[in-house]
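Now for the letters of each chain:
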Amino acid sequence: MVTPIIAVALTLVGALGAAVVASHSPERQAVSLSMFGLALTVLFVTVQAPDVALSQLGVGAALVPLMVMLAVRRIRRDQHASGRGAGKDEE
């Protein structure tokens, strides 16, 4: 019974990993990275690694995506303040 659950969790991790890579927008990448972190947490719980799952939940599913979103926001705010738009070429 455990083997099919692990197979489903591995498939979910693979699919969500591909979704992270396929995303072009940083905001979508951060959200899909968070979902990927949650899928990894489920995988770690299914293979009976609760300490690793808890670390993954805190770091991979919450902190890293939050830091990515804050960095993107800061970069866009700084670009807007300096007069450079996201679509303009830098000279």
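Residues numbered from 1 in each chain as written. Predicted model: local features only at pLDDT ≥ 70, side-chain atom pairs only at ≥ 80, totals over all residues. Heavy atoms only, no water.

1. Section: helix H1 (residues 2-22)
Let me state the cut-off plainly: Helix and strand assignments come from DSSP, with helices taken as H or I runs of at least 4 residues and strands as E runs of at least 2, each series counted from the N terminus. A helix is expected to span 1.5 Å for every residue after the first. For every residue, the accessible area (1.4 Å probe, protein chains only) is compared with the maximum for its type, and the residue is labelled buried under 20%, exposed over 50%, or partly exposed between those bounds. By construction, the arc corresponds to the directions joining the helix axis to the C-beta atoms. We call two residues in contact when some of their heavy atoms are within 4.5 Å.
Between its terminal C-alpha atoms H1 stretches 30 Å, which fits the 30 Å expected from 21 residues at 1.5 Å a residue. Along H1, the residues that are buried comprise Ala9, Val13, Leu16, Gly17 and Val20. Down the axis of H1, the sector holding all buried residues measures 110°, keeping them to one side. Opposite the buried face of H1, at more than 90 degrees from it, the exposed residues are Thr3, Val8, Thr11 and Ala22. Check the buried side of H1 and you find it contacts helix H2 (26-46).

2. Quick notes on the side chain of Thr41
For Thr41, the position within the fold is in helix H2. Not counting the four nearest positions on each side in its chain, Thr41 is found in contact with Ala53, Gln56 and Leu57.

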